[in-house]
Number of protein chains: 2
Amino acid sequence: MWALNAFVLVAVLQLLGATAGTLEAYPSNHLETSSGASCEFAQLAGAVDADGLRTQIDELATFSDTPAPSVTRILYTENDISARTYIKDSMKSAGLTVREDAIGNIFGRWQGTEETSVVGTGSHVDAIPYAGKYDGVVGVLGAIEAIRALRKVGFTPRRSLEVIMFTSEEPTRFGFGCLGSRAMAGSRNIYEILEGAMDKDNISFTEAARTAGYLKEGEDLKSVAVTNETYSGFVELHIEQGPTLENEGIAIGIITAIAAPASLKVDFKGDGGHAGAVLMPFRNDAGLAAAELAVAVEQHVLASGSIDTVGTTGVMQIHPGAVNSIPREAHLEIDVRDIDEDRRDMVVEKIHQSAKDISNRRNVELQSFDVVNQDPPAQSGATIVEAATSASDELGFKSKHMISRAYHDSLFMSRITPTGMIFIPCHKGYSHRPDEYSSMEDIVRGVQVLALTLAKLSHKS
Amino acid sequence: MWALNAFVLVAVLQLLGATAGTLEAYPSNHLETSSGASCEFAQLAGAVDADGLRTQIDELATFSDTPAPSVTRILYTENDISARTYIKDSMKSAGLTVREDAIGNIFGRWQGTEETSVVGTGSHVDAIPYAGKYDGVVGVLGAIEAIRALRKVGFTPRRSLEVIMFTSEEPTRFGFGCLGSRAMAGSRNIYEILEGAMDKDNISFTEAARTAGYLKEGEDLKSVAVTNETYSGFVELHIEQGPTLENEGIAIGIITAIAAPASLKVDFKGDGGHAGAVLMPFRNDAGLAAAELAVAVEQHVLASGSIDTVGTTGVMQIHPGAVNSIPREAHLEIDVRDIDEDRRDMVVEKIHQSAKDISNRRNVELQSFDVVNQDPPAQSGATIVEAATSASDELGFKSKHMISRAYHDSLFMSRITPTGMIFIPCHKGYSHRPDEYSSMEDIVRGVQVLALTLAKLSHKS
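Residues numbered from 1 in each chain as written. Chains lettered and ligands numbered in written order. Predicted model: local features only at pLDDT ≥ 70, side-chain atom pairs only at ≥ 80, totals over all residues. Heavy atoms only, no water.

1. Topic: the overall build of chain A
Convention followed: Only DSSP runs of H or I reaching four residues or more are called helices, and only runs of E reaching two or more are called strands; each is numbered from the N terminus. All radius of gyration figures rest on C-alpha atoms, and the globule criterion is 2.2 Å times the number of residues raised to 0.38. Each residue gets one of three labels from its accessible area relative to the maximum for its type: buried under 20%, exposed over 50%, partly exposed in between, using a 1.4 Å probe on protein chains only. Working rule for contacts: check all heavy atoms of both residues, and any pair within 4.5 Å makes them a contact. Residue-level accessible areas treat just the shown protein chains as cover; the underlying method is Shrake-Rupley with a 1.4 Å probe. Working convention for charge: Lys and Arg count positive, Asp and Glu count negative, and His plus the chain ends are omitted. Here the site of a charge means atom NZ of a Lys, CZ of an Arg, CG of an Asp or CD of a Glu.
Assigned secondary structure in chain A consists of 16 helices and 15 strands. For 461 residues, the compact-globule formula gives about 23 Å, and the C-alpha radius of gyration of chain A, at 24 Å, lands near that figure. Evaluated residue by residue, chain A yields a buried proportion of 64% over its 461 residues. Looking at chain A alone, contacts between residues at least 24 apart form 79% of all its contacts between residues at least 6 apart. Surface summary for chain A: the accessible area is close to 16100 Å², and the carbon and sulfur share equals 51%. Here chain A contributes 40 positively and 61 negatively charged side chains, and the mean placements of these two sets differ by 1 Å.

Here's what the structure looks like:
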């Protein structure tokens, strides 16, 4: 374990050289132990600025289209742009060299002593309508804070460390998620999709990106792609978005696999008509077709027989949407995910069959059934899982290996570099809602594990 | 039949005095007959200005929140106010004395020779989202044109004739229909409901009315109510909004009863959460509760066993409405109607029971189940049905007695005066959609029957 020794050396030297002031910041109970690891723990525990991080999380949450405590931050809107400026300023104040790519991914680099592949970390700060302030944000502001902590303890990176804020991990605006990380990974179809993508107000992706100062004249989305040699590894800190860690009283989750979603868009069209005048036998109600399909989605998911299969009809819009008008058009957006790709795709096929059956039985036209994306699940990189696990152990935190049922930018980073994730507990597993919450104690533990993991990976040959 | 004779006299005199120019306008085939009735027919046929009426229908359709051919005209919006100005100008140009009440009902009166109860006619011009240009409009512009035609043939009203444009027959903005006619009829609950009513943007009814120049400081909604002595009868011209007349090749439908709706508002609330992270057993999806209830509405309606029972879930909104977010809240608006009040109310009760069952089974909170309105169906007044039937016969049009499955302002006018309706065919029964259509030939026939019916009622002692 040369890398670790190197770091222990750094840390011990730093401890010896620490000022009284710095020492006072250390929780005394951590100073009782005396191994190298505990030194790092003491160092990092004192080095992570919980109050500063809390302040930044709260300040970032104020850039929202909906009132607090909810957070709504949609790709390339005014609040998204303000949040980006906030992140770039925070990166600079942490001494990072900031750059952006054509799609708006933001990179803050701490140059290492060696010109070799880089260790990446980061997440996103966009938020779906009426979401909370921790999803994604903890992995961006937390990563910047981890860099600050490593500086404080006098760490010197061998491989450069790079904090990444990914563009639009959420699919809200263009119905397609992880735009930034997909583009970095050189996803074959993402470029074509984005060129044709329109939001609900018929604003094209290109137009929206330009208004935010990206994808300038002459710039090409393909320029966002990075080579497989760019990163030696990537690690993302994130709230669990599920109840397991909290229920089991475990501080840290180390992700070994990420479930992947299939996203579907379905449109039904009927004749509509007046709710009083058209008798039941003469109707073809697009809204009822949609309602039946939503119920069928749940049935097919439950029939998979695996707890790991989940399916959600998150969008159900009917048109014209008046109490005395028979729904003429219905639009559904469905999310199906699993850690087993075949099992997930079988559910998608059953949903398609149900849509066709409902369309025939109700004489409602199935205008479209689009599989928007159907990504394969990912396995974490062994080196990342090892580094995060030992970091957690050395810091004295109880951790467990688990899978991520939510997908993240890590799913796509894993296509170009060994990738892993560090989860922290969140209250009752609530996420994507205003009362999403993780305690600062849990967040600080996550930042410490992230910092030590980054240190290990930076020194790993 | 003193009243008719008096009118025949008027008409015959007018025919003798008709100019060549006027005569040329008469379809010659109508001049071959020679009874008093045929004279009236000849007179009215020539007197109704089809081109002028078509132009007015097209001009009014341009006041819309959505592009042609669709028409969207919501209560007290800019386009609604423009349409009101257009109607008042049209009334004035027809020589009517115009006034408005506190809720914005518009009255155009042709003063009769006797100070006695008045004969009313009219309909509405508001339109639900993405509707057509004939629903309601034909009954307002058609009534004004009927007045013009009666003037042309030299008719002199004994009872005053009054054209009414009712405020907000559609429930779009405040979830409650026939505001103007309910208020005129002195509906017990309408005043309280409107005082508390808010639209989806949290604008109160009172605030909205004020911006449109109604319900001024010190004005009271109760002032809109009229006494049972005000009108001697009311008749409304309307497109069928069903396919019967067209299918059977019948020009005129005489309405003997109006089905009445019960309107329901239902809200479900669950915990929401991330579409990937929350496993199926731990969900309480408000969107699926809504979908199941919409399907149950259809089942209960079909189970009533009567073709006259109809039920529609016209509004189904889920929140937050993102593809990767479990629906946390769902709002439904349901319309159930029948000509049999008890049968309709039994269906409403079954829907309520289903809502409770779904709520319990899914552990989703049934936040509200409001019966917004539950009006009794209405029988037409015999005098009105008689007058319209004989008018149709005398004009040589095939007519049939039928019921109105859609409800109209007539439902509420029937509470204060004998009321009836005259239906004309509309293409395939399409209504509340952009391709709603009635031919000018059918509209002109309806206007002729309305004119002669008004003449008869005006002279009826």
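Text resumes after the structure shown.
2. Details of the confidence of the model for chain A
The test is simple: Confidence per residue, as judged by the predictor, is encoded in pLDDT with a range of 0 to 100.
Of all residues in chain A, 91% attain a pLDDT of 70 or more, and the chain-wide mean is 90. Note on residues 1-39 of chain A: pLDDT is under 50 here. Beyond four places in sequence and across chains, it has 41 contacts.

3. Describing the relation of the copies chain B and chain A
Put simply, the rule reads: In this comparison the copies share one frame, found by least squares on the C-alpha atoms of residues holding pLDDT of at least 70 in both.
Of the two same-sequence chains, chain B is brought onto chain A (RMSD 0.1 Å, axial shift 0.0 Å) by a rotation of 180°. What we have between these two chains is a two-fold relation. Closest approach to the rotation axis within chain B is made by the C-alpha atom of Ala291 of chain B, at a distance of 2.2 Å. Take the interface residues of chain B: 100% of them recur as interface residues in chain A, which is what a same-surface contact looks like.

4. Here we look at the UniProt feature "domain: Peptidase M20 dimerisation" (unreviewed entry) in chain A
Stated precisely, the cut-off is as follows: UniProt positions are given in the numbering used here, feature names are shortened, and annotations may be inferred rather than shown by experiment.
Here the UniProt feature "domain: Peptidase M20 dimerisation" (unreviewed entry) sits at residues 262-358 of chain A. Secondary structure within residues 262-358 of chain A divides into 37% helix and 29% strand; the distance between the first and last C-alpha atoms comes to 21 Å.

5. Digging into the packing of helix H12 (residues 286-303) of chain A against helix H13 (residues 341-362) of chain A
Two numbers describe a pair of packed helices, the interaxial angle and the distance between the axes. Residues and elements named next belong to chain A. Filter applied, for reference: In this description, a line fitted to the C-alpha atoms serves as the axis of each element, helices being fitted only across the stretch in contact, and the angle between N-to-C directions of two axes falls anywhere from 0 to 180 degrees. Working definition: roughly parallel below 35 degrees, roughly antiparallel above 145 degrees, roughly perpendicular at 65 to 115 degrees, and oblique for all remaining angles. Each helix crossing is assigned a hand: it is left-handed if the near helix lies turned anticlockwise from the far helix by less than a right angle, otherwise right-handed if that turn is clockwise.
Put simply, H12 and H13 touch, their axes get as near as 9 Å, and they point 150° apart. By the criterion of interaxial angle, the relationship of H12 to H13 is roughly antiparallel. Crossing hand, H12 versus H13: right-handed. Contact residues: H12 offers Leu288, Ala289, Glu292, Leu293, Ala296, Val297, His300, Val301 and Ala303, while H13 offers Val347, Lys350, Ile351, Ser354, Ala355, Ile358, Arg361 and Arg362.

6. Some thoughts on the pairing of strand E15 (residues 419-424) of chain B
All names here are of chain B. For clarity, the threshold we go by: Two strands qualify as a pair provided that DSSP identifies no fewer than 2 bridges between them.
Within E15, six of the six residues are buried, which leaves the element mostly enclosed by the surrounding structure. Going residue by residue along E15, you find Thr419, Met421 and Phe423 tucked away on one face and Gly420, Ile422 and Ile424 tucked away on the opposite face as well. Bridge count between strand E7 (residues 231-239) and E15: six bridges; the pairing is parallel. Considered in E15, the bridge of Val235 is made with Gly420. As paired elements, strand E8 (residues 252-258) and E15 share three bridges and run antiparallel to each other. Residue Gly253 lies in a different strand from E15, and its bridge partner there is Phe423.

7. A look at the sheet that holds strand E12 (residues 365-374) of chain B
Residue and element names in this part refer to chain B. Overall, antiparallel pairing links the four strands, which are arranged E10-E11-E9-E12 in an open sheet. What marks the edges here is a single partner per strand, and that holds for strand E10 (310-319) and E12. In this sheet, adjacent strand axes meet at a mean angle of 15° when their direction is disregarded. Here helix H12 (residues 286-303) sits on the sheet in contact with strand E9 (260-269), E10 and strand E11 (329-338), set at roughly 175° to E10.

8. Notes on the domain arrangement of chain A
Many analyses report the size of an interface as the accessible area lost when the parts associate. All names here are of chain A. Heads up, the rule is: The domain boundaries here were taken from an automatic or database domain assignment. Joining two parts hides part of their accessible area as seen by a 1.4 Å probe, and the buried area is that hidden amount summed over both. Salt bridge, as applied in this entry: a Lys or Arg side-chain nitrogen positioned within 4 Å of an Asp or Glu carboxyl oxygen. Only Asp, Glu, Lys and Arg are considered charged, only Ala, Val, Leu, Ile, Met, Phe, Trp, Tyr, Cys and Pro nonpolar, and every remaining residue, Gly among them, polar.
According to the domain assignment, chain A contains domain 1 (50-259 + 377-458) and domain 2 (260-374). Relative to domain 2, the C-alpha centre of domain 1 lies at a distance of 32 Å. Between domain 1 and domain 2, the residue contacts involve 13 residues of the former and eleven residues of the latter. Together domain 1 and domain 2 conceal approximately 990 Å² of surface at their shared face, both sides included; 61% is due to carbon and sulfur atoms. For the pair domain 1 and domain 2, the interface holds one salt bridge. When the shortest N-O distance is used, the salt bridge between Arg405 and Asp308 registers 2.2 Å. In the side of domain 1 that touches domain 2, the residues fall into ten nonpolar, one polar and two charged.

9. Some remarks on the side chain of His124 of chain B
Residues and elements named next belong to chain B. Applicable threshold: As used in this structure description, the phrase polar contact means that two N or O atoms lie within 3.5 Å; if the pair is within protein, one of them must be able to donate a hydrogen and the other to accept it, and residues adjacent in sequence are counted only when both atoms belong to side chains.
Mapped onto the fold, His124 is located in strand E4 (residues 118-124). Engagement of the side chain of His124 in a polar contact is seen with the side chain of Asp135, the distance being 3.2 Å. When neighbours within four sequence positions are excluded, His124 is seen to be in contact with Asp135, Gly136, Val137, Val140, Phe166, Glu169, Glu170, His238 and Asp409.

10. Brief notes about helix H16 (residues 440-459) of chain B
Put simply, the rule reads: A helix is expected to reach a length of 1.5 Å times the quantity of its residues less one.
Spanning 20 residues, H16 of chain B covers 28 Å between terminal C-alpha atoms, matching the ideal 28 Å at 1.5 Å per step. For H16 of chain B, a buried count of 18 out of 20 residues is recorded, marking the element as mostly surrounded by other parts of the structure.

11. Quick look at the interface of chain B and chain A
With 61 residues of chain B at the contact, the number on the chain A side is 62 residues. With both chains or domains summed, chain B and chain A bury close to 5200 Å², and 64% of this area falls on carbon and sulfur atoms. The interface formed by chain B and chain A contains three salt bridges. Between Glu298 of chain B and Arg362 of chain A there is a salt bridge, with its nearest N and O atoms 2.6 Å apart. Elements that contribute at least two residues to the side of chain B that touches chain A include exactly strand E5 (127-131), H12, E10 and E11 of chain B.

12. Points about the pairing of strand E11 (residues 329-338) of chain A
Residue and element names in this part refer to chain A. Taken across its ten residues, E11 has nine buried, putting it largely inside the fold. With ten bridges connecting them, strand E9 (residues 260-269) and E11 associate as antiparallel partners. Counted as the bridge partner of Lys265 is Glu333 from E11. Here strand E10 (residues 310-319) pairs with E11 via nine bridges, running antiparallel. Bridge pairing links Ile318 to Ala330 in E11.

13. Regarding the sheet that holds strand E12 (residues 365-374) of chain A
Residue and element names in this part refer to chain A. Across the sheet, four strands lie side by side as E10-E11-E9-E12; this open sheet has antiparallel pairing. The outermost strands of the open sheet, each flanked by one partner alone, are E10 and E12. The mean inter-strand angle of the sheet, taken between neighbouring strand axes irrespective of direction, is 15°. Sheet strands in contact with H12 are E9, E10 and E11, and its direction is about 175° off that of E10. Strand contacts of H13: E9, E11 and E12, with the helix running at about 170° to E12, the strand carrying the most contacts.

14. A closer look at the packing of aromatic side chains
The test is simple: For this analysis, a ring pair means two rings from Phe, Tyr or Trp (six-membered ring only for Trp) whose centres lie within 6.5 Å, classed as stacked if their planes differ by under 30 degrees, edge-to-face if by over 60, and tilted for the remaining angles. In this scheme, Lys NZ or Arg CZ marks a charge over a ring once it lies within 6 Å of the ring centre and within 35 degrees of the ring normal.
Applying the stated criterion across every chain, the model contains 16 aromatic pairs over all chains. Measuring from ring centre to ring centre gives 6.0 Å for Tyr134 of chain A and Tyr437 of chain A, while their planes differ by 90°; the resulting arrangement is edge-to-face. With Tyr134 of chain A in the loop between strand E5 (127-131) and helix H7 (137-152) and Tyr437 of chain A in the loop between strand E15 (419-424) and helix H16 (440-459), this residue pair connects regions lying 303 residues apart in the sequence. An aromatic cluster is built from Tyr76, Phe174, Phe205 and Tyr214 of chain A, whose rings are joined through pairwise contacts. One Lys or Arg, Arg151 of chain A, reaches over the ring of Trp110 of chain A and ends 4.4 Å from the middle of that ring. A cation over a ring is seen here: Arg99 of chain B above Phe107 of chain B, with NZ or CZ 4.0 Å from the ring centre.

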